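Examining the three-dimensional arrangement
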Amino acid sequence: MNAWWNNTLNSIRLEFREKQTMFWNFAFPLFFLFIFSSVFARGKPEVVSYLLPGLLCINMMSAGFFGFSIGLVTARERGILRRYQLTPFPAWMLISSEIATSFVIAGLALGVQLTAAKVIYRVTIAGNPLVLGLMVGAGTLAFLSLGFLIASVADNAKIAQVIGNMLFFPLMFLGGAAFPKDMLPKSFQRLAEILPSSYVVDALKRVIVDGQGLSQNLTNLTVLLTTCGCAIFVAAKLFRWNAQEPMPLEKKLWALSVVAIFVAAALFIR
Amino acid sequence: MTTTFAQPLSAQPAARNSQTPEEFPVVVRRLAKKYGDLRAVNDISFSVRRGEVFGLLGPNGAGKTSTVEMIEGLRRPDHGEISVCGFNPVTEPNEVKQRLGVTLQSSALPDKIKVREALQLFGSFYRKRLEARKLMDFVALGEKAEATYDTLSGGQQQRLAIALALVNDPEVIVLDEPTTGLDPQTRRELYNLIEQLCSQNKTVLLTTHYIEEAEKLCDRVAVIDRGVIVALDSPAQLVATSRTHARIAFRTAQPVATGELRQIPFVAGIAQEAGGTVLQSANAPQTLIELVKWLELNRVELLDLHVTRPTLEDVFIELTGRKLRE
């Protein structure tokens, strides 16, 4: 466990030394907040608080789909993972440690965004801050897990970037993160119901805007944690230390079918 | 599929007992690995004695890296047995990793990690660890302790890789192409480092496609080509058994009649090359004595002379029918 802590603290330290990471994690979300709040909401607190759940969700998604997944694929491509593979430090410890690192960084970034919204735009959070923290945490974990899945499927950083974008934009526009889902046609709204971003935005709206508690968010929480578990399960099965080791077709098909079953089940339950 | 070497197998227990893990920390028996139709490693066997530097010499794609990666537990063999300090890399990978120090052909560290941090972090993964300060001093990176990885030169990065390989005070060190891609100066620095390891009685298994490296560093060399060991001996012995002759090249003030030179004992061939005469000899010292006598007798003035002994490179060409660096 000592090794796990060492690695996590080390990785967090390294994140703070990367100027690029700092920009995308902290400066960019703030810039987004200012644009949305000042231009679209004209600085009105009640409108900003309505936009805030989507902004937080976008922040989480970029942490998972771009920050974490590209970071992991690059570490594999450069042979950093192979350096770890030589040691007795097990794969699950390494991955959980890297997820924890991204979780901490994303948590800080979300905290900064929230604080800025409160201080600059005087947004009030109607619900319990602990429930808000829980839902933000669950959402972040869900997207980091999906980022892990992208990293496991993608053979290189370019492909990871493409898959990340292919997920990011539909999840942002259809999931209600960029604009309210009510503005979408009915068929799209139905599709949006299987997107994890819908549940994150819904959960945060319930807490921030409507002041609802945990009991009204149990569905959201369950969906997000299930997404997290399923993504980690598939990603762990596909995990590779070595970039030169291409994934066999059977494994790709297996991953695809598991995800398809998951999506079908989600559609059916709805 | 694989069995620990120390466990009873089938035949010749006596022969196996003579190869205890104490004496032979690395034992490889009938190892094979296929990638699709390509037999990357095809029935390879060898044992590395404690305290020796054992080299796997061969061209790119000969199967060297596949072999060491199976020893390291990074790849699963299709057939054969491996024992590292008495442990099986397939069934007991952690016990093997605790005792092994490895540099890979292509690996890296995060850009922003400092030399000291890297050694402390990786040290914390092992039961036994050496102090970061000691390791940095050993690889002459003491002044770079607080430098981040991306600011190090190629040679410094490779020295850090060696320090990382030593972080668990390993019984066996595996260096996979440690000097590939480095400039000659840096390569010499690394040779010194590896020689220091040998003087500390560490067991080293090293792969290379540089003949000089194998000749300079290794106590024994396995010449490997197309997944098969074609010769295994000390570099000197390999060269001694070579059919290639030593070359005696000399220049004289007066022209010499090649026909008479043929009478000199052990001369196997004569050629006139740009600015000199070249004799091929099966016994260079004897030929040399006779040549000097002949030159004096005929009052031919000797301007220049040098002897080239066959090298591992010649041995390699003899064994495989092709050059090492193609």
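Structure shown above.
Residues numbered from 1 in each chain as written. Chains lettered and ligands numbered in written order. Predicted model: local features only at pLDDT ≥ 70, side-chain atom pairs only at ≥ 80, totals over all residues. Heavy atoms only, no water.

1. Digging into the overall build of chain A
Our working definition: Strands are runs of DSSP state E lasting at least two residues, helices are runs of H or I lasting at least four, and both sets are numbered from the N terminus onward. The rule is simple: take the accessible area with a 1.4 Å probe, protein chains only, and divide by the maximum for that residue type; under 20% is buried, over 50% is exposed, in between is partly exposed. Between two residues, a contact is recorded if the distance between any of their heavy atoms is within 4.5 Å. All accessibility values rest on the Shrake-Rupley procedure with a 1.4 Å probe; residue burial counts only the protein chains present in the view. We score Asp and Glu as negative and Lys and Arg as positive, and we do not count His or the chain ends. The atoms used to mark charge sites are NZ of Lys, CZ of Arg, CG of Asp and CD of Glu.
When helices and strands are counted, chain A shows 11 helices and 0 strands. Listed by position from the N terminus, the elements making up chain A come as α-α-α-α-α-α-α-α-α-α-α. In chain A, which comprises 270 residues, the share counted as buried stands at 50%. Taking as baseline every contact in chain A between residues at least 6 positions apart, the subset at least 24 positions apart corresponds to 79%. Accessible area of chain A: about 12,600 Å², with a carbon and sulfur share of 70%. Treating the 22 positive side-chain charges of chain A as one cloud and the 12 negative ones as another, the clouds have centres 3 Å apart.

2. What to know about the packing of aromatic side chains
Residues and elements named next belong to chain A. For clarity, the cut-off: Pairing of aromatic rings covers Phe, Tyr and Trp, the last through its six-membered ring, and needs centres within 6.5 Å; plane angles under 30 degrees mean stacked, over 60 mean edge-to-face, and all others mean tilted.
Scanning all chains against the criterion turns up 22 aromatic pairs over all chains. When the centroid spacing of 5.3 Å and the interplanar angle of 80° are considered together, the rings of phenylalanine 23 and tryptophan 24 count as edge-to-face. Ring centres of phenylalanine 28 and phenylalanine 32 lie 5.4 Å apart, and the angle between their planes is 45°; on these two criteria the pair is classed as tilted. Residue phenylalanine 28 and its partner phenylalanine 32 are both found in helix α2 (residues 19-40); the two are separated by 4 residues, about one turn of the helix. We classify phenylalanine 28 as partly exposed; its relative accessible area is 29%. Residue classification places phenylalanine 32 among the partly exposed residues on the basis of a relative accessible area of 22%. By the ring-pair criterion, three or more aromatic residues cluster together here, those being Phe23, Trp24, Phe28, Phe31, Phe32, Phe36 and Phe40.

3. Observations regarding unusual backbone geometry
All names here are of chain B. Of note in the backbone geometry, alanine 140 takes a positive phi value of approximately 60° without being a glycine. Relative to the assigned elements, alanine 140 resides in the loop between α5 (132-138) and α6 (154-165). Residues other than glycine seldom take positive phi values, yet arginine 299 does so here, at roughly 50°. Note that arginine 299 resides in the loop between α11 (284-297) and β13 (302-308). The exposure class of arginine 299 is exposed, given its relative accessible area of 73%.

4. Brief notes about helix α7 (residues 184-199) of chain B
So the rule is basically this: Helices are assigned an expected span. That span is 1.5 Å times one less than the residue count.
The terminal C-alpha atoms of α7(B) lie 23 Å apart, and with 16 residues this matches the ideal 22 Å at 1.5 Å per residue to within 8%. Two residues or fewer past α7(B), B:Asn201 is found with a positive phi of approximately 65°.

5. Some words on the interface of chain A and chain B
Interfaces are often described in size by the accessible area the parts lose on coming together. Heads up, the rule is: Take the accessible area each of two parts loses on contact, using a 1.4 Å probe, and add the two losses: that sum is the buried area. Here the term charged refers only to Asp, Glu, Lys and Arg, the term nonpolar to Ala, Val, Leu, Ile, Met, Phe, Trp, Tyr, Cys and Pro, and the term polar to all other amino acids, Gly among them.
Residue-level contacts link 21 residues of chain A with 28 residues of chain B. Taking both sides of the interface into account, the surface hidden between chain A and chain B amounts to around 2,300 Å²; carbon and sulfur atoms contribute 56%. When the buried area of chain A at its contact with chain B is split by residue, A:Arg83, A:Leu86 and A:Pro88 rank highest and sum to 30% of it. Those elements giving two or more residues to the side of chain A that touches chain B turn out to be α1 (2-17) and α4 (80-85) of chain A. By residue number, the principal contributor to the side of chain A that touches chain B is α1(A), which donates 7 residues. Looking at the side of chain A that touches chain B residue by residue, the classes come out as 7 nonpolar, 8 polar and 6 charged.

6. Quick word on the sheet that holds strand β12 (residues 276-281) of chain B
Residue and element names in this part refer to chain B. Put simply, the rule is: Strands are labelled as partners when DSSP assigns at least two bridges between them. Fitting a line to C-alpha atoms yields each axis, with helices limited to the stretch in contact; the angle taken between N-to-C directions then spans 0 to 180 degrees.
A sheet is described by the order of its strands in space; here 4 strands give the open sequence β11-β12-β10-β13, paired in antiparallel fashion. In this open sheet, the two edge strands, each paired with only one partner strand, are β11 (267-273) and β13. Between one strand and the next, the sheet's axes are offset by a mean angle of 20°, whatever the strand orientation. In the sheet, strand β10 (residues 246-252) pairs with β13 via 6 bridges, with the strands oriented antiparallel. Pairing of arginine 251 across the sheet is with aspartate 304, part of β13. Along the sheet, α11 contacts β10, β11, β12 and β13; its crossing angle with β10, the most-contacted strand, is approximately 15°.

7. Some points on the packing of helix α3 (residues 45-77) of chain A against helix α9 (residues 196-208) of chain A
Residue and element names in this part refer to chain A. Keep this limit in mind: Each angle receives one of four descriptions, namely roughly parallel if under 35 degrees, roughly antiparallel if over 145, roughly perpendicular if within 65 to 115, and oblique otherwise. Left-handed describes a crossing in which the near helix is turned anticlockwise from the far one by less than a right angle; the clockwise case is right-handed.
It is at 9 Å that the axes of α3 and α9 come closest, and there the two elements cross at 140°. The pairing of α3 with α9 is recorded here as oblique in orientation. Judged by the sense of rotation from one axis to the other, the crossing of α3 with α9 is right-handed. Touching Ser49, Tyr50, Leu52, Pro53, Gly54, Leu56, Cys57, Met60 and Met61 of α3 are Ser197, Val200, Val201, Leu204, Lys205 and Ile208, all from α9. When the residues that make up the contact of α3 with α9 are grouped by side-chain class, the tally is 11 nonpolar, 3 polar and 1 charged.

8. Here we look at the side chain of B:Thr277
Residues and elements named next belong to chain B. Counted only if it meets this: The term polar contact refers here to a pair of N or O atoms within 3.5 Å; inside protein, the definition further demands a hydrogen-donor-capable atom paired with an acceptor-capable atom, and it admits residues adjacent in sequence only when both atoms are side-chain atoms.
Turning to its location among the elements, threonine 277 is positioned in strand β12. There is a polar contact of 3.3 Å between the side chain of threonine 277 and the side chain of glutamine 272. In this structure, threonine 277 is in contact with Ile248, Ala249, Phe250, Val256, Leu261, Ile270, Ala271 and Gln272, ignoring residues within four places of it in sequence.

9. Re a nonpolar patch on the surface
We count it as follows: Patch construction takes residues with relative accessible area above 30% that form no salt bridge. Like charges are linked within 9 Å, and nonpolar side chains (Val, Leu, Ile, Met, Phe, Trp, Tyr) are linked within 5 Å. Salt bridges are identified by distance alone: a Lys or Arg side-chain nitrogen within 4 Å of an Asp or Glu carboxyl oxygen.
On the surface, A:Phe31, A:Ile35, A:Val39 and A:Phe40 cluster together to form a nonpolar patch covering roughly 400 Å² of accessible area. With respect to the element layout, A:Ile35 can be found in helix α2.

10. With respect to the side chain of B:Ser281
Residue and element names in this part refer to chain B. By the secondary structure assignment, serine 281 is in strand β12. Residue class for serine 281 comes out buried when judged on its relative accessible area of 1%. Here the side chain of serine 281 touches asparagine 283 through a polar contact of 2.9 Å, landing on its backbone nitrogen. Ignoring sequence-local partners within four residues, the contact set of serine 281 consists of His245, Ala246, Ile248, Phe266, Ala268 and Thr287.

11. Topic: the sheet that holds strand β6 (residues 172-176) of chain B
All names here are of chain B. Strand order across the open sheet formed by 6 strands is β5-β6-β7-β3-β8-β9, with mixed pairing between neighbours. Every other strand in the sheet has two partners, leaving β5 (100-103) and β9 (228-233) as the edge strands with one partner each. Each strand axis lies, on average, 15° off the axis of its neighbour in the sheet, ignoring direction. The pairing of β5 with β6 spans 4 bridges and is classified as parallel. Within β6, the position partnered with valine 102 by the bridge is valine 174. Each of β3 (53-57), β5, β6, β7 (203-208) and β8 (220-225) is contacted by helix α2 (residues 64-71), which is oriented at about 150° to β7, the strand it contacts most.

12. Section: the pattern of salt bridges
In total, this model carries 26 salt bridges over all chains according to the counting rule given. Among the salt bridges present, the one from A:Arg17 reaches B:Glu117, with a minimum N-O distance of 2.6 Å. Taken together, the residues span two chains, with A:Arg17 in helix α1 and B:Glu117 in helix α4 (residues 115-123). Assessed through its relative accessible area of 24%, A:Arg17 is described here as partly exposed. Connected through salt bridges with shared partners, the residues B:Arg50, B:Glu95, B:Arg99, B:Arg127 and B:Glu171 form a single ionic network.

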